[in-house]
Amino acid sequence: MHELPATEDLIKTLDEESAKKNISEIKEVHLVIGELSSYIGECVQMYFDLLSEGHTCERAKLVFTYKKARFKCLSCGHEFDHDRDFTCPSCGGEGRLIKGTGKEFLISKLVYDDAVS
Ligand SMILES: [Zn+2]
């Protein structure tokens with residue numbers, strides 16, 4: 001359910017970008033979702049379909065990229081993606097979550113048409 005406010009924010013951001021860059025139609029919105037953010041692409045898509053009507057992003061295709069959380073080894077400082085466990089692939093030490101990673105909900109790329117003047 002928390003995808004609803006996130007999707008509202010997303011459309012607001014896209015409207016602002018459209019105004020700023022004189023965009024007539026957004027074709028694609030590439031989004032990065034962190035695996036710990038608990039956002040589900042299908043839910044974002046569902047709300048997006050409902051809320052985007054009448055906006056420049058109305059016919060935009062959403063492209064999701066999921067990003068893993070990053071861990072840093074307490075022993076050797078090696079940074080690695082969270083896979084199955086928290087063990088450092090380099091030395092076998094214990095990894096600690098790097099704060100903020102894996103919780104992303106970001107626009108990574110926009111594909112759009114400029115307004116015809
Ligand atoms: Zn290590």
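Not measured: the values here are computed from a predicted model.

Caption draft 1: Spotlight on helix 1 (residues 3-21). Taking 1.5 Å of rise per residue, 19 residues should cover 27 Å, and helix 1 covers 26 Å from first to last C-alpha, within 8% of that figure. For helix 1, the full list of buried residues reads E3, A6, T7, L10, I11, L14, E17 and S18. Buried residues in helix 1, looked at end-on, bunch into an arc of 135°, giving them a common side. The exposed set on the far side of helix 1, more than 90 degrees from its buried face, consists of K12, A19 and K20. Considering only its buried residues, helix 1 is in contact with strand 1 (23-34), helix 2 (41-51) and strand 6 (105-114). N22 sits one or two residues past helix 1 and shows a positive phi near 55°.

Caption draft 2: Structural context of the coordination of the zinc ion. The protein atoms that coordinate the zinc ion are C73 (SG), C76 (SG), C88 (SG) and C91 (SG), at distances of 2.3 to 2.4 Å. Mapped onto the sequence, the donors of the zinc ion take the spacing C-x2-C-x11-C-x2-C. One end of the pair, C76, is in the loop between strand 3 (70-73) and strand 4 (79-81); the other, C91, is in the loop between strand 4 and strand 5 (95-97), with 15 residues separating them in the sequence. What makes C91 partly exposed here is its relative accessible area of 43%.

Each value, and the rule that gives it
Residues numbered from 1 in each chain as written. Predicted model: local features only at pLDDT ≥ 70, side-chain atom pairs only at ≥ 80, totals over all residues. Heavy atoms only, no water. Helix = DSSP H or I, 4+ residues; strand = E, 2+ residues; numbered from the N terminus. Expected span 1.5 Å × (residues − 1). Buried < 20%, exposed > 50% of the residue type's maximum accessible area, 1.4 Å probe, protein only. Arc of directions from axis to C-beta. Contact = heavy atoms within 4.5 Å. Donors = N, O, S within 2.8 Å, 3.2 Å for Na, K, Ca; no water.

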